[in-house]
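Chain by chain, the residues run as shown.
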Amino acid sequence: MSKIGVDIDEILSETVQTFLGFYNARHGTNFVLDEIIEYSFSRQFGISLEDEKRAIHEFFVSDEALHIPTLAGSIEAIQALSKENKLYAVSSRPTELIQSTTAWLNLYYPKCFTDVVLTNSHFDSTKTKSDVCRSLKLDIFIDDQIVFAEDCAQVCSVVYLLNKPWNQTSFSVDNIVRVMTWADILRKIDNK
């Protein structure tokens, strides 16, 4: 049995696409997923960090956030993994979103996660994902951002980096493995 940390946004949920629709509708913009080449909406949208924080908070407390679609293959994969492993949902979301995050996870992934940990590390670096990996003694981590993958690779034996438009730069850490789908992740964990 392995202890596996699983990021939420863009690993379990199609958060960016849903957020873009929410943001575009409220601000008269037309941002699309393929244009998001870095995971910083303030830089991508040309807005301040405070405006980014405000927009993210407004999105996550809206009714739309409870209905963020799941990522293709994630439900089946998480259900399969949870049968023989301990899974932990670990996200850089702001800590005040624990209730809405847990409600979403319980809706789509009931009884699959041992715990849910929000680090707020997208905006604050005092608690990192590697801190969580260390404290939970995680063996494996699954993420979509290179900075978090490299951070967790310091602690976990392997980190799976799910391919996204914003993680196309190279990385030099040997225990990070780029994957394309949840089926790839399952195959690699089964063959580990």
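See the structure shown above.
Quick caveat: nothing in here was measured; it's all calculated off a predicted structure. (Residues numbered from 1 in each chain as written. Predicted model: local features only at pLDDT ≥ 70, side-chain atom pairs only at ≥ 80, totals over all residues. Heavy atoms only, no water.)

Caption draft 1: Main features of the layout of surface pockets. The space that makes up the second largest pocket amounts to roughly 170 Å³. Lining the second largest pocket we find 10 residues, and of these L81, E84, N85, I189 and D190 sit closest to its centre. Listing elements by their share of the lining of the second largest pocket, those giving two or more residues are α5 (74–84) and α9 (182–190). (1 Å grid on protein atoms, 1.4 Å probe; cavity = no way out; pocket = protein on both sides within 12 Å on 5 of 7 lines; lining within 4 Å. Points joined across faces, edges and corners; volume = space filled by probe spheres on them. Helix = DSSP H or I, 4+ residues; strand = E, 2+ residues; numbered from the N terminus.)

Caption draft 2: Broad picture of empty space enclosed by the protein. Under the counting rule described, the total for this entry stands at 1 cavity of 30 Å³ or more. Volume-wise, the largest cavity comes out at about 200 Å³. Contributing to the lining of the largest cavity are 21 residues, with D9, Y39, I56, F60 and R93 lying nearest its centre. At the level of secondary structure, the elements contributing two or more residues to the lining of the largest cavity comprise α1 (15–27) and α3 (49–60).

Caption draft 3: Structural context of helix α8 (residues 146–153). Here α8 lies mainly inside the structure; 6 of its 8 residues are buried. Of all the positions in α8, only I146, F148, A149, D151, C152 and A153 are classed as buried. Where α8 is buried, its residues contact α7 (129–136), β4 (140–143), β5 (158–162) and β6 (176–179). (Buried < 20%, exposed > 50% of the residue type's maximum accessible area, 1.4 Å probe, protein only. Contact = heavy atoms within 4.5 Å.)

Caption draft 4: Layout of the nonpolar core. V6, L12, I78, L105, F113 and W182 are the most contacted members of the largest nonpolar core, which has 45 residues in total. Considering every element that reaches this core, the biggest residue donor is α1, with 5 residues. Sequence-distant contacts of L105, defined by excluding residues within four places in its chain, comprise I8, L12, A89, P110, F113 and V116. (Core = buried A, V, L, I, M, F, W, Y, C linked by side-chain atoms within 4.5 Å.)

Caption draft 5: Just the environment of T128, in detail. Looking at where T128 falls in the secondary structure, it is placed in the loop between β3 (115–118) and α7. For the pair T128 and L118, spaced 10 residues apart in sequence, the C-alpha to C-alpha distance is 9.7 Å. Setting aside chain neighbours within four positions, we find T128 in contact with T119 and D151.

Caption draft 6: View of the packing of aromatic side chains. Going through the model one piece at a time under the given rule, you end up with 13 aromatic pairs. Aromatic side chains F19 and F45 sit 6.3 Å apart centroid to centroid with 5° between the ring planes, which places their arrangement in the stacked category. Taken together, the residues span a long stretch of sequence, with F19 in helix α1 and F45 in helix α2 (residues 41–45) at a distance of 26 residues. Taking relative accessible area as the criterion, F45 reaches 11% and is therefore assigned buried. Note on F41 and F45: the rings are 5.4 Å apart at their centroids and 35° apart in plane angle, and the pair reads as tilted. On the criterion of helical spacing, the pair formed by F41 and F45 is a turn pair, its members being 4 residues apart in helix α2. This pair shows no difference in class: F41 is buried, exactly as F45 is. Taken together, F19, F22, Y23, F31, F41, F45, F59 and F60 form an aromatic cluster joined through their ring pairs. (Phe/Tyr/Trp six-rings, centres within 6.5 Å; stacked < 30°, edge-to-face > 60°.)

Caption draft 7: Broad picture of the packing of α5 against α9. Two elements in contact, α5 and α9, have axes whose closest approach is 9 Å; the angle formed by their N-to-C orientations is 20°. Accordingly, the angle class assigned to the pair α5 and α9 is roughly parallel. As for the relative orientation of α5 and α9, their crossing is left-handed in sense. Counted together, S74, A77, I78 and L81 of α5 and W182, L186 and I189 of α9 form the full contact between these two elements. Of the residues that constitute the contact of α5 with α9, the class distribution is 6 nonpolar, 1 polar and no charged. (Axes fitted to C-alpha atoms, helices over the stretch in contact; angles between N-to-C directions. Parallel < 35°, antiparallel > 145°, perpendicular 65-115°, else oblique. Left-handed = near helix turned anticlockwise from the far one by under 90°. Nonpolar A, V, L, I, M, F, W, Y, C, P; charged D, E, K, R; others polar.)

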